[in-house]
Number of protein chains: 4
Amino acid sequence: MYFIKYLLKNQFIFNKNRKIVKNIIGDVMNHEIDLSKYSIRTDLAIDLLDNSFEKNVIDYDGILVSSIYLDDEKSSLFSKKKGNYITIGFDDVTDSFNQKKVMSVFCDHVRKLLSDIGIGQSDFCLVVGLGNFNSTPDSLGPGSVDKLVVTNHLYNLGDLDDGFRRVCSINPGVTGTTGIETCDIIKGIVDKINPDFLIVIDALASSSLERVNKTIQITDTGIHPGSGIGNTRKEISVETIGKPVIAIGVPTTVDAVTIVSDTINFMEKHFSYAKNNIDNPINKLIVNGGINYLKKDVFVSKSDKKELLGLVGNLSDVEVRKLISEVLTPVGYNFMVTPKEIDFVISKLCDVIGNGLNMALHSNYKV
Amino acid sequence: MYFIKYLLKNQFIFNKNRKIVKNIIGDVMNHEIDLSKYSIRTDLAIDLLDNSFEKNVIDYDGILVSSIYLDDEKSSLFSKKKGNYITIGFDDVTDSFNQKKVMSVFCDHVRKLLSDIGIGQSDFCLVVGLGNFNSTPDSLGPGSVDKLVVTNHLYNLGDLDDGFRRVCSINPGVTGTTGIETCDIIKGIVDKINPDFLIVIDALASSSLERVNKTIQITDTGIHPGSGIGNTRKEISVETIGKPVIAIGVPTTVDAVTIVSDTINFMEKHFSYAKNNIDNPINKLIVNGGINYLKKDVFVSKSDKKELLGLVGNLSDVEVRKLISEVLTPVGYNFMVTPKEIDFVISKLCDVIGNGLNMALHSNYKV
Amino acid sequence: MYFIKYLLKNQFIFNKNRKIVKNIIGDVMNHEIDLSKYSIRTDLAIDLLDNSFEKNVIDYDGILVSSIYLDDEKSSLFSKKKGNYITIGFDDVTDSFNQKKVMSVFCDHVRKLLSDIGIGQSDFCLVVGLGNFNSTPDSLGPGSVDKLVVTNHLYNLGDLDDGFRRVCSINPGVTGTTGIETCDIIKGIVDKINPDFLIVIDALASSSLERVNKTIQITDTGIHPGSGIGNTRKEISVETIGKPVIAIGVPTTVDAVTIVSDTINFMEKHFSYAKNNIDNPINKLIVNGGINYLKKDVFVSKSDKKELLGLVGNLSDVEVRKLISEVLTPVGYNFMVTPKEIDFVISKLCDVIGNGLNMALHSNYKV
Amino acid sequence: MYFIKYLLKNQFIFNKNRKIVKNIIGDVMNHEIDLSKYSIRTDLAIDLLDNSFEKNVIDYDGILVSSIYLDDEKSSLFSKKKGNYITIGFDDVTDSFNQKKVMSVFCDHVRKLLSDIGIGQSDFCLVVGLGNFNSTPDSLGPGSVDKLVVTNHLYNLGDLDDGFRRVCSINPGVTGTTGIETCDIIKGIVDKINPDFLIVIDALASSSLERVNKTIQITDTGIHPGSGIGNTRKEISVETIGKPVIAIGVPTTVDAVTIVSDTINFMEKHFSYAKNNIDNPINKLIVNGGINYLKKDVFVSKSDKKELLGLVGNLSDVEVRKLISEVLTPVGYNFMVTPKEIDFVISKLCDVIGNGLNMALHSNYKV
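Residues numbered from 1 in each chain as written. Chains lettered and ligands numbered in written order. Predicted model: local features only at pLDDT ≥ 70, side-chain atom pairs only at ≥ 80, totals over all residues. Heavy atoms only, no water.

1. A few points about the pattern of salt bridges
Where charged atoms from two side chains of opposite charge approach closely, those side chains can pair. As a reminder, the rule being used: The salt bridge criterion pairs a side-chain nitrogen of Lys or Arg with a carboxyl oxygen of Asp or Glu, the two atoms within 4 Å. In DSSP terms, a helix is any run of H or I states spanning at least four residues, a strand is any run of E spanning at least two, and both are numbered starting from the N terminus. For every residue, the accessible area (1.4 Å probe, protein chains only) is compared with the maximum for its type, and the residue is labelled buried under 20%, exposed over 50%, or partly exposed between those bounds.
Considering all chains together, one arrives at 44 salt bridges over all chains under this definition. Between A:Lys147 and A:Asp351 there is a salt bridge; the shortest N-O distance is 3.3 Å. Residue A:Lys147 is located in the loop between helix 6 (140-145) and helix 7 (152-157), and its partner A:Asp351 is located in helix 14 (residues 342-361); the two are separated by 204 residues in the primary sequence. On the basis of relative accessible area, A:Lys147 is assigned to the partly exposed category, the value being 24%. In this structure, C:Lys101 and C:Asp61 form a salt bridge, with 3.3 Å as the shortest nitrogen-oxygen distance. You can see C:Lys101 sitting in helix 5 (residues 96-116) and its partner C:Asp61 sitting in the loop between strand 1 (56-60) and strand 2 (63-70), a full 40 residues away along the chain. One network of salt bridges, in which partners are shared, links A:Lys81, A:Glu235 and A:Glu239.

2. Looking at the packing of helix 11 (residues 256-277) of chain C against helix 12 (residues 302-314) of chain C
All names here are of chain C. Quick note on the threshold: Where helices are involved, their axes are fitted lines through C-alpha atoms of the stretch in contact, as for all axes, and angles between N-to-C directions lie from 0 to 180°. An angle below 35 degrees is read as roughly parallel, one above 145 as roughly antiparallel, one from 65 to 115 as roughly perpendicular, and any other as oblique. Working rule for handedness: look at the near helix, and if it is turned counterclockwise from the far one by less than a right angle, call the crossing left-handed; if clockwise, right-handed. In what follows, residue pairs with any heavy atoms lying within 4.5 Å of each other are defined as contacts. Throughout, the ten residues Ala, Val, Leu, Ile, Met, Phe, Trp, Tyr, Cys and Pro are labelled nonpolar, Asp, Glu, Lys and Arg are labelled charged, and all others, Gly among them, are labelled polar.
Following both chains from N to C, one finds helix 11 and helix 12 inclined at 115°, their axes separated by 10 Å at the closest point. As far as their axial angle goes, helix 12 and helix 11 are roughly perpendicular. For the pair helix 11 and helix 12, the sense of crossing is right-handed. Here Ile 264, Met 267, Glu 268, Phe 271, Ser 272 and Lys 275 of helix 11 come into contact with helix 12, specifically with Asp 304, Lys 305, Glu 307, Leu 308 and Leu 309. Considering only residue class, the contact of helix 11 with helix 12 consists of five nonpolar, one polar and five charged.

3. Quick notes on the pairing of strand 6 (residues 197-206) of chain D
Residue and element names in this part refer to chain D. Applied cut-off: Two strands qualify as a pair provided that DSSP identifies no fewer than 2 bridges between them.
With 10 of 10 residues buried, strand 6 is to be regarded as a mostly interior element. Bridge analysis of strand 4 (residues 125-129) against strand 6 gives five bridges, and the strand direction is parallel. By the bridge assignment for strand 6, Val 127 is matched with Ile 199. Direction of pairing for strand 6 relative to strand 8 (residues 245-255): parallel, over a ladder of nine bridges. In the sheet register, Ala 205 faces strand 8, and the bridge partner there is Thr 253.

4. Section: the environment of A:Tyr333
Summarising the element assignment, A:Tyr333 is placed in the loop between helix 13 (317-328) and strand 9 (336-339). Among all residues touching A:Tyr333, those that are not within four sequence positions of it are A:Ala256, A:Leu328, B:Leu209, B:Glu210, B:Phe266 and B:Leu294.

5. Remarks on the environment of D:Leu294
Within the fold, D:Leu294 resides in the loop between helix 11 (256-277) and helix 12 (302-314). Residue classification places D:Leu294 among the partly exposed positions, given a relative accessible area of 32%. A sequence separation of 25 residues divides D:Leu294 from D:Lys269, and the C-alpha atoms of the two residues are 7.7 Å apart. Excluding residues that lie within four positions of it along the chain, D:Leu294 makes contacts with C:Val331, C:Tyr333, D:Phe266 and D:Lys269.

6. Quick look at the packing of aromatic side chains
For the record, the criterion: Any pair of Phe, Tyr and Trp rings, taking the six-membered ring for Trp, is counted once the centres come within 6.5 Å. Such a pair is stacked with planes under 30 degrees apart, edge-to-face with planes over 60 apart, and tilted for the rest. Geometrically, a lysine NZ or arginine CZ counts as sitting over a ring once it is within 6 Å of the ring centre and also within 35 degrees of the ring normal.
A full pass over the atoms with the stated rule returns 12 aromatic pairs over all chains. Consider the rings of C:Phe266 and D:Tyr333, whose centres lie 5.5 Å apart with planes at 25°: the pair is stacked. One end of the pair, C:Phe266, is in helix 11; the other, D:Tyr333, is in the loop between helix 13 (317-328) and strand 9 (336-339), on a second chain. Neither C:Phe266 nor D:Tyr333 differs from the other in exposure class; each is buried. The ring centre of B:Phe124 lies 3.9 Å from the NZ or CZ of B:Arg166, which sits over that ring.

7. Some words on the pairing of strand 4 (residues 125-129) of chain A
All names here are of chain A. Of all five residues that make up strand 4, five are buried, and the element is covered over most of its length. Across the two faces of strand 4 the burial is the same, with Cys 125, Val 127 and Gly 129 and Leu 126 and Val 128 all buried. Where strand 4 lies against strand 5 (residues 167-170), four bridges are found, and the strand directions are parallel. Bridging from a neighbouring strand, Val 127 pairs with Ser 169 of strand 5.

8. Observations regarding the confidence of the model for chain A
When pLDDT is low, close inspection of the predicted coordinates is not appropriate. All names here are of chain A. Quick note on the threshold: A score between 0 and 100, pLDDT records how confident the predictor is in each residue.
Confidence along chain A averages 83 in pLDDT terms, with 81% of residues attaining 70 or more. Here residues 1-41 is a poorly scored stretch, pLDDT under 50, and it has 103 contacts once near neighbours within four places are set aside; other chains count. Confidence metrics for the complex model read pTM 0.89 and ipTM 0.86.

9. A look at the packing of helix 11 of chain C against helix 13 (residues 317-328) of chain C
Residues and elements named next belong to chain C. The geometry of helix 11 relative to helix 13 is characterised by a closest axis approach of 9 Å and an angle of 135° between their N-to-C directions. In this view, helix 11 runs oblique relative to helix 13, as classed from their interaxial angle. For the pair helix 11 and helix 13, the sense of crossing is right-handed. Within the contact between the two elements, helix 11 uses Ala 256, Val 257, Thr 258, Val 260, Ser 261, Ile 264 and Asn 265 and helix 13 uses Asp 317, Val 320, Arg 321, Ile 324, Ser 325 and Leu 328.

10. Examining helix 12 of chain D
For clarity, the threshold we go by: Expected span, for any helix, means 1.5 Å times one less than how many residues it has. The bend reported for a residue corresponds to the angle between axes fitted to the seven residues ending at that residue and the seven starting there.
Taking 1.5 Å as the rise per residue, helix 12 of chain D with 13 residues should run 18 Å; its terminal C-alpha atoms sit only 8 Å apart, a clear shortfall. Of all the bends found along helix 12 of chain D, the most pronounced is centred on D:Leu308 and spans about 115°. For helix 12 of chain D, the full list of buried residues reads D:Asp304, D:Lys305, D:Leu308, D:Leu309, D:Gly310, D:Leu311, D:Val312 and D:Gly313. Turning to helix 12 of chain D, the residues buried within the fold contact helix 11 and helix 12 of chain C together with helix 11 and helix 13 of chain D.

11. Points about the side chain of C:Thr252
Residues and elements named next belong to chain C. The topology assignment puts Thr 252 in strand 8 (residues 245-255). A relative accessible area of 1% places Thr 252 in the buried class. Excluding its chain neighbours within four sequence positions, the residues that come into contact with Thr 252 are Pro 137, Ala 203, Leu 204, Val 212, Asn 213, Val 337, Thr 338, Pro 339, Ile 342 and Ile 346.

12. Details of the environment of C:Ala45
Residue and element names in this part refer to chain C. By the element assignment, Ala 45 lies in the loop between helix 3 (18-38) and strand 1. You can call Ala 45 buried: its relative accessible area is 2%. With residues up to four places along the chain from it excluded, the contact list for Ala 45 reads Lys 80, Tyr 85 and Gln 217.

Next comes the structure, spelled out in C-alpha cells:
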C-alpha cells in the first residue's frame with residue numbers, strides 16, 4: 001500500500017519510466033505482504049496492550065485520557081519503545097463546543113508531558129509537520145503546522161513578550177516527493193539551528209475502527225513515520241536526532257483487515273447478547289432492532305464463537321487477522337481506507353492540534 | 001452517513017445552532033438504518049445482476065466493457081431504471097499509458113451511446129458536475145467539468161469551427177451547502193438555455209471492493225444523486241428535466257458492510273480452494289502463501305461454508321449483508337470509506353472523463 | 001483585459017483551436033480600447049461623484065461610511081443607476097480587532113438597507129457569489145458564499161428556530177468557464193425556487209489606489225458584472241431578474257491608468273506642499289523626508305501644475321486619464337493589477353462579508 | 001511591503017499580540033523606505049545595464065535570449081554579483097504552442113550553463129523551491145518543484161536507468177511562516193545529504209512593466225531571496241552553501257514606482273513621436289489612435305521632455321524614480337502588484353520550469 005502510494009506521488013516516474021522502479025517492486029511487495037501478514041498495522045500503543053494491562057484512564061467530561069508508561073520490560077513485551085504514551089479519546093471534533101473541550105484537554109497534557117520530562121518554559125521548540133499536504137488523510141501534520149504562531153525570526157529581530165517562547169516549524173514533505181529521507185532533512189535543520197526539543201505531528205494508521213479520527217496520541221518516544229503502514233522510513237527520535245522528540249498523532253486511516261476483524265468481534269458480541277437476551281430467530285441471526293451490545297457487558301463463550309463462525313470461531317484474534325490478511329493481500333484488496341468525510345474532519349483536527357500547541361507552547365497565547 | 005456528511009458541510013449550523021437540526025435527525029437516522037439494512041448501497045447496475053443474467057462483455061486490450069439493456073421486465077426485477085448501462089472496468093488509471101487506453105474506450109462508448117439514442121453531431125450539450133468540490137471523494141463531477149472545452153459563449157459571439165459543437169457546463173454544488181434541491185437548479189437552467197441533452201457526472205457508491213476507482217458506468221437513465229448512500233435527493237432524468245440525461249459515474253466510496261461481506265466470500269473461496277488443493281493445517285486455515293484463488297475457478301459447497309463459518313455460513317449473501325449492517329449500524333461503524341490514495345486517483349479520473357468527453361463531444365478536439 | 005482573462009480560463013480553446021476565437025478578438029479588443037480610453041474603469045459610485053457633490057459621511061470609530069441616494073437627475077448625470085449606494089471605507093482587515101469592527105458596521109448597514117427597501121425579517125433570500133473561484137482576486141464572491149449558513153433545505157425538512165430565515169446560495173461560476181450568461185443561470189434558478197430577494201457578491205475594479213481592498217460598496221441597484229473592466233455581461237438587477245437585488249462589492253483590482261493618474265495628482269500635492277512649506281532644492285524636487293501631504297490641506301494652483309508637469313499639467317483629470325490610456329493601451333501595458341498580498345487579504349474579506357451576512361440575515365446567529 | 005506580507009503570513013502574531021512586533025516595525029519600515037527610495041526594486045540583472053552595455057542577444061523563433069557575463073569590474077559597476085546571467089524573454093506562455101518553444105529554449109540554456117560551469121551528466125542535484133505556496137504570485141518555486149521527477153530515493157533502493165541522474169528537492173517555505181532563515185534550512189540539508197550542486201527557483205520583482213511574467217533569468221551567482229522587495233534574507237550561493245547554486249527566476253510582481261516611471265517614459269516617446277509624425281492638437285496631446293511608438297525608433301529631446309513634463313521633464317530616470325518613491329511611500333501607496341490573471345499564468349510558468357528542468361537534468365526524460 002505504501003509502495004502504491006509513493007508511486008502515485010511519483011507519477012512521472014511511474015508513468016514515464018516504469019523500468020526504473022521495476023527492479024525494486026519485488027522486495028517492497030514481499031515486505032508488504034510479510035508485514036501485513038504478521039503484524040498489526042498500527043501506530044497506537046494503546047491498541048497493543050491486552051486487557052490484562054491495567055491503564056490509568058481519566059474521564060474529562062466525556063473525553064477519556066489514558067496515560068501509560070512502558071518500562072524496559074513492558075516495552076519489549078509489546079515491542080513498543082520505552083516511554084510515556086498519552087491517549088486522548090473523543091467522539092466528535094466537528095461540533096465546535098466539543099472541539100474546544102478536546103483542544104484544552106490536549107493542551108493540558110502536552111504541557112504536563114513537557115514539564116514531566118524536564119523541558120523549560122522558555123526552551124526553544126522546532127515543530128515538524130510530517131506527511132503529504134496533497135494527500136488529504138496524510139495532511140494532518142502540515143495542516144496543523146500552518147496554524148502555529150512561529151516566533152523565532154521575531155526573537156532574532158528583538159525581544160519577545162513574556163509568555164511567548166521561541167518556536168519555529170518546518171514541513172519537510174515526504175520522501176516520495178522530495179527523494180530525501182525525512183529524518184535527514186530534520187537532522188540537518190536541527191544541527192543548524194539547534195532547538196532544545198522537537199514536536200513532530202503525523203497522521204497514523206489505526207488498528208481499530210473506533211479510533212479513526214477520534215484519538216490523539218502524545219508520546220515522548222518519537223515516531224517511526226509510516227511504520228503503521230509497512231513503510232521503511234527512518235525513526236525520528238532522540239536516538240536519531242539528538243534532541244527530545246514529542247510525537248503527536250491521530251489515526252486517520254484503517255486497513256480492510258482491521259475493519260473485517262473488528263466486525264467479526266462485533267458479530268460475536270452481537271450474537272451472544274442477542275442469543276441470551278432477545279427472542280431471536282436464531283436460524284437467521286437477524287434481530288431486526290438496533291441494539292448497542294457494545295454498551296453492554298457481554299461475555300462471548302468459546303462455544304458461541306464456534307456455533308456462530310465455525311472454524312473461524314476457533315481462531316484467536318491474531319489468527320483471524322492473519323487469515324483475513326492472507327485472504328485479501330494476494331488479491332490486492334487489503335486497502336488502507338479513510339472515512340468519506342475526511343476533508344472536513346482533518347480541518348477540524350488541524351485546528352485542535354495547531355491551536356492546542358499554540359496554547360501549550362505560549363502561555364500568553366489566547367485563541 | 002449522508003447526514004453526518006451534510007452536517008459537516010453545514011458546519012455553522014452544526015456548531016452554532018444544533019437545535020435547528022435536532023428535530024430532523026431522528027427521521028434521517030432511522031431512514032439511514034432502514035436503507036442500509038434492506039438494500040445494497042450501490043449505484044452500479046452491474047452489481048445488482050446475478051450471475052444467471054448473461055452479460056455482453058468485450059475485452060479491449062485489458063479493459064472490459066459490459067453493455068446491458070434493461071427492458072421493463074428486467075428493470076423491475078432488479079429495481080433499476082429501464083435503459084442502457086455500459087460498464088467499463090480497468091485496473092489502474094495512474095499509469096499514463098493505461099490512462100490513455102481507458103480514455104479512448106470511454107470516448108468511443110459515449111459517442112456510440114449518443115448516436116444510439118439519436119443525439120446529433122451538432123446538438124447542444126449541457127454538462128453538469130455533481131458533488132462537492134471540497135470533499136475529495138465527492139469531487140469527481142466538478143473536477144471533470146473543469147477540464148471541459150465550453151463553446152456556447154463563443155457560439156453566441158460568432159460561428160464555431162467545424163468539429164466543435166455547442167457545449168456549456170455548470171457545477172451546481174450540493175444541497176447541503178446551497179440549500180437548494182440540485183435537481184431544481186439544473187431544471188431552472190435548462191428551462192432558460194434549452195440544451196438538446198445533458199451529461200451529468202457524479203461519484204458513486206460501490207457495492208464491491210474490486211470496483212472502487214476502477215469502473216466507469218455510462219447510462220441513459222439519468223441519475224439519483226446519493227441514492228447509493230441513503231440520500232434523498234430528487235432524480236435527475238428525462239422525467240424530471242425534460243431532456244435526455246446521460247449519467248457518467250465512478251464508484252469512489254464503499255461501505256464497511258461491503259468490505260466485510262466481500263471478504264467473507266473471499267474467505268470461503270480461499271478455504272475451499274486451499275482445502276482441496278493445498279496441504280493445509282486445516283485447524284489453522286493459514287496457507288502461508290499468497291495464492292490468488294480469484295483467478296481460479298473455485299466451487300464453494302454448502303458444507304464448506306458451514307464448516308468454515310458456522311451459522312454465518314448458512315446465510316445467503318443478502319442475509320450476510322443484513323447481519324453485518326445490523327451489527328455495525330447501531331454502534332456507528334458502518335462507515336462509507338475511500339482509499340487512502342483518493343487525491344491522486346481522483347485527479348487522474350477527472351482527466352479521463354473531462355478529456356474523454358472533450359473528444360466525444362468535439363470531433364475535431366485533440367488532446 | 002477581460003478577454004485575455006477569459007481566454008486564460010478557456011485554456012483548451014485558446015491552445016487547441018485558436019481559430020475559433022480569432023474572428024472575435026478584433027471586436028472585443030477595439031471595444032476594450034474604446035472603453036479604457038473614454039471611461040473610468042470603476043464599479044464604485046462614490047468615485048464618480050465630484051467634490052461639489054455633498055456626501056453624508058459618518059465615522060464609526062475610524063470606519064467611514066458614506067450613504068448616497070442618486071435620484072433620476074443625479075443618476076443620469078453620473079451615468080450610474082438610480083438608487084442607494086453605501087460605501088464603507090476602512091484601513092486594514094488583516095488585524096482581527098479591526099476586522100470585527102468592519103464586520104459589525106457592514107452588518108448594520110445591510111440590515112438597514114434591507115428594512116429601508118421593505119424587505120421583511122423572514123423573507124426568503126438567495127445569495128449569489130459571482131466571480132471565478134480559481135482566480136484569487138476574483139474569488140471574493142464564491143469565498144464569501146462558502147461561509148454562509150444556508151437553511152432553506154432544513155426549512156423544507158422541518159421548522160427553523162426563531163431568528164433564522166430561509167437562506168440559500170449558489171456560485172454560478174463565470175461565463176468564460178460555464179459558457180452560459182451568468183444572468184441566465186441566476187434567472188433560471190430564481191424562476192424555479194422563487195426567493196423574495198437576492199444578494200449578489202462580486203469583486204470590483206477600483207478607480208483609486210486608496211480603495212483597493214479597503215472599501216465595501218452596498219447598493220440596491222444590482223450589479224453589472226465586469227462592467228468595471230470592459231466586460232459585456234448582462235446586468236443582474238430587478239429589471240433582469242424580477243426580484244430586488246442587493247449588490248455587495250469590494251474593489252480588489254486597479255488598472256495602470258489609475259495608478260499613474262493618482263500618482264500624478266499626489267505629485268502635484270507633494271510639490272505644492274513642499275514648495276510652500278519646506279526648504280527644498282526645487283531643481284531636484286526631492287524632499288528627502290517622508291511627509292504625508294494627503295493629511296494636510298493642500299491647494300494646488302494651475303501655475304504649480306504647469307511648472308511641475310508642463311503640458312501634462314494643463315490637462316484635466318479626465319484628460320490625463322485619456323492620455324495615459326492612449327499611451328499604455330496600444331503597447332499592451334494597461335494591466336489590471338492586484339496587490340501582492342491578495343491571497344491573505346481576500347480570505348479576511350470573505351470572513352467579513354460571509355459572517356457579516358450571516359449576522360444580518362439571521363438575527364439569532366452568533367459568530 | 002515585505003514586512004506587511006510577513007505580518008499577513010503571521011496572522012496570529014499580527015492579530016493577537018501586536019506588541020511583539022511593535023518594537024521592530026520602526027527599523028523595518030525605515031529600511032523599507034530607504035531601500036525603495038534609493039534602489040531600483042529588481043532582481044533582474046539585465047534591467048540594470050544601461051544601453052551602452054552591449055548584450056549578446058539571439059532570437060530563437062521569437063524568443064529572445066541575452067547572455068551576459070559580468071566580470072569583477074562590471075559586476076561592481078552594476079553592483080550585481082560576478083557571473084553568468086541568461087535572460088529569456090517571451091510573449092505568452094498561456095498558448096501551449098508557444099509554451100513548448102519556451103520550455104525547450106529554457107531547457108537548452110540550463111544544460112549549456114551546467115556544462116559551461118563544469119557540472120557533470122551524473123552529478124547529484126538538489127532543487128529548492130523558494131517562496132510561499134499560499135501566496136499565488138510567490139508560489140513559482142514550490143509549484144515548479146512539485147512537477148519534478150525526483151529519483152534520489154530510488155537511487156538509494158537500486159540502480160537508476162541510464163539517462164536519469166540523482167535528483168532530490170525541498171520546499172523550505174518562507175521565514176515568515178517557518179521562523180527559520182531559509183538559507184539555514186538549505187545549508188543544513190546540504191551538509192546532511194551532500195549534493196554536487198543546487199538549483200533554486202524563486203519569483204522575482206521586476207523593474208519594468210514589459211518583463212512581468214514574460215522573462216526567465218538563469219544565473220550561476222545564486223540568489224538573494226526578496227532582495228528585490230526590500231527583504232533582508234541571507235543570500236543563497238556558493239559562498240553561503242558551499243556548493244554551486246544555479247538560480248532560476250521569473251519576475252511576477254512590479255511596484256507602483258516602476259509602473260509610473262515606465263509610463264512617464266512611454267509618454268515622452270508617445271509625445272515626441274506624435275508631435276513629429278501626427279497632426280496633433282498639441283494643447284490636448286490626445287492622438288485618438290492606437291499607435292505603437294515602441295515599435296518605432298523615437299528620439300526624445302531634452303526640450304520635448306521639458307515641454308511635456310515641466311520640472312519632472314528635467315529629471316533623470318533615477319531621479320524620477322526617487323521622486324515617485326518619495327511621493328508614494330509616505331502615503332502608503334508604493335504597492336507591489338501582480339497582474340489580475342496571475343493564477344493562470346503561474347500554473348503555466350510552473351509547467352515550463354518544472355518540466356524544462358526534468359528534460360535538462362534527465363537526458364532520457366520525455367514530456
